[in-house]
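Below, each chain spelled out in residue letters.
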Amino acid sequence: MQKNDTQAIILFDGDCMMCDAFVNFIKKRDHNKKFKFEPYQGPFGKQFHHLFVMDENGTVGLVLGEKILIKSDAALTVMKILGKPWSTLYLLIYIPKFIRDSIYNFIAKHR
């Protein structure tokens, strides 16, 4: 992977309609082209399979240089990078991760 400090890479499940909706939401609001999008099923995404426990619910990942975030950490960081008004959602990061990820998993399971 080539390091790119100007673009965050969002990894998503290309077979997940909710993930596609999330990607489309970000694309419409990413006026400064801060994000690149790669499905897990593609050549780039496949190199990260060993880092993620993929299940039937899918998981969103975020690659920031050498740092990789998943689930609620990834989603909230995307909102932070996206800017106002969406960046205010990043305040949810102060909720303990096990609670945030439980909510994330519930939503993913019932999509």
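Up top is the structure.
A brief structural summary.

Reading the values: rules and limits
- Residues numbered from 1 in each chain as written.
- Predicted model: local features only at pLDDT ≥ 70, side-chain atom pairs only at ≥ 80, totals over all residues.
- Heavy atoms only, no water.
- Buried < 20%, exposed > 50% of the residue type's maximum accessible area, 1.4 Å probe, protein only.
- Helix = DSSP H or I, 4+ residues; strand = E, 2+ residues; numbered from the N terminus.
- Pairing = 2+ DSSP bridges.
- Right-handed = clockwise from strand over helix to strand, strands pointing away.
- Polar contact = N/O pair within 3.5 Å; in protein donor to acceptor, adjacent residues only side chain to side chain.
- Contact = heavy atoms within 4.5 Å.

1. Points about the pairing of strand β1 (residues 8-12)
Okay, so step 1: Taken across its 5 residues, β1 has 5 buried, putting it largely inside the fold.
Okay, so step 2: When β1 meets strand β2 (residues 35-39), the two strands line up parallel, connected through 5 bridges. Bridged to Ile-10 within β2 is Phe-37.
Okay, so step 3: The β-α-β motif built from β1, the intervening helix α1 (residues 17-29) and the parallel element β2 has right-handed crossover chirality.
Okay, so step 4: As paired strands, β1 and strand β3 (residues 61-64) are joined by 3 bridges and run antiparallel to one another. Counterpart to Leu-11 in the pairing with β3 is Gly-61.

2. A few points about the side chain of Glu-38
Okay, so step 1: Along the chain, the position of Glu-38 falls in strand β2.
Okay, so step 2: Since its relative accessible area comes to 15%, Glu-38 is described here as buried.
Okay, so step 3: Engagement of the side chain of Glu-38 in a polar contact is seen with the side chain of Lys-36, the distance being 3.5 Å.
Okay, so step 4: Aside from chain neighbours lying at most four places away, what touches Glu-38 is Ile-9, Ile-10, Leu-11, Phe-12 and Phe-44.

As far as function goes, none of this settles anything; it's purely spatial.
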